[in-house]
Structures are given as C-alpha cells and as structure tokens.
Amino acid sequence: MDETMIDSHFSFYDNQTPWSPEPGQNFLIRGFAYRETMPRGMIRHGDKTNFPWPWLLIYFHDPVTIMSEGTLIDAGENTLMVWPPGSCHHYGNAEREWTHSWLTVDFPEMPQFQKNYPLPIGKPCGVDAGTIFIRYLGMFQEELKKDSGDFFFQQNLLQLFLYDLYRQSKRNFVPIPQRLWEMEQYLSSHLREDLTMEEL
C-alpha cells in the first residue's frame, strides 16, 4: 500500500508476519498510515488469493472515487470506508493527488463488535473522523515502537477506536432512502447517456 505514496505524517507496516490463508484468525495490527498522500490514480488490491486482506478502514481526507457494490461512486472529502476481509478494494482519484488515513487489522472479534456497535460496511459514509484517526493511530504508533507489543492493550485500543468511529458515524450519518440510493447508483453508471425524468 505504501509503494506509490508521496508522503505520510507517520506510518507502520508489518512486513514480517505471513499473510494468513484465512484472514482474521488471530489479532494483528498489519499496518496504518496517517495522512498518506498518493499521486493521482486509482488503487486496486484485495482480489489476489495469495494476499487475502483482513479488515481495512480508510478515512479519505479528499474527494475520491470508490467501488461500492460493483459501482464506482464519487465520494466527497471526510468519507469513511470499511472493507471486510477478502474484499476487493478499488479507490482513488484519477484527476489529482489525494490524501487518506488507513488501518488494516486481523480482528476475529469484529463480527461480534459489529452486532453491538455497527459501522457501515462496504458503503462509503460521510464521517468527520480526522481527529479520531490521528488520536488512535498515534497511540498505536507509540505502542508498536516498543520491542514487545502488548496485544491486550492493542485490542482494547482498537475497540475504543472502532467505538469512537461508531459514535461519530451516528452523529454524521443520515440514512439514505433505498430509492434514492438506487437512483444514485443508476446515475453513476449512466453518466454519458441522455436520461429523461420518466426513465428515472
């Protein structure tokens, strides 16, 4: 993920632990970066069977395009996207540099956590989460500088991070009626076609 980046305020990546054929069996912070700036262009990963990605959470500081449920969607700044393990990730900005913060983690307890504090999964969500990412990624950075990481501390810190995102998403997120969501997806995939109000 960091091969094409221009710069980041701080980052961590575990390139020692092998990728598990079944991501999520054991807890592990695999990587993160705060305010990582990328050159213009789109990123695609997660669809290679020998690199089964675990959970991936990205906060986009700038407008981007995101693949969601098979459709490319234009998402504004301050957008949160959460991909479950084994997903294909396709996102970026083909027109200009863009900045994002992210964390990827093996977290077996995530399904249970989602039952109590659900985050939007697989769909972009407008959430002003910049301060949450810098607060918790900074604490992860300090913890992982130590010779021996404390998994108990890391897991509890992760749950606080996720819970803070949950609280913020509840404040920011207004559910979109299903009909409007379907119209938005249709328009996104038919931008070059002439459409009438009757067709919509």
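Residues numbered from 1 in each chain as written. Predicted model: local features only at pLDDT ≥ 70, side-chain atom pairs only at ≥ 80, totals over all residues. Heavy atoms only, no water.

It is worth spelling out the environment of Gly138 at this point. Mapped onto the elements, Gly138 comes out in helix 2 (residues 130-144). Note: C-alpha distance between Gly138 and Phe10 (128 residues apart in sequence) is 8.2 Å. Beyond its immediate stretch of four places on either side in the chain, Gly138 contacts Phe10 and Phe133. (Helix = DSSP H or I, 4+ residues; strand = E, 2+ residues; numbered from the N terminus. Contact = heavy atoms within 4.5 Å.)

Judged by how many residues are buried, strand 8 (residues 89-93) sits mostly within the fold: 5 of 5 residues are covered. Taking every second residue as pointing to the same face, both faces of strand 8 are buried, with His89, Tyr91 and Asn93 on one and His90 and Gly92 on the other. For strand 5 (residues 64-68) and strand 8, the ladder comprises 2 bridges, and the chain directions are antiparallel. When the sheet's bridge partners are listed, Thr65 is paired in strand 8 with Gly92. (Buried < 20%, exposed > 50% of the residue type's maximum accessible area, 1.4 Å probe, protein only. Pairing = 2+ DSSP bridges.)

Now for the sheet that holds strand 5. A sheet is described by the order of its strands in space; here 4 strands give the open sequence 3-8-5-6, paired in antiparallel fashion. Because the sheet does not close on itself, it has two edges, and the strands there are strand 3 (41-45) and strand 6 (71-75). Strand-to-strand twist in this sheet, taken as the mean axis angle between neighbours without regard to direction, amounts to 20 degrees. (Axes fitted to C-alpha atoms, helices over the stretch in contact; angles between N-to-C directions.)

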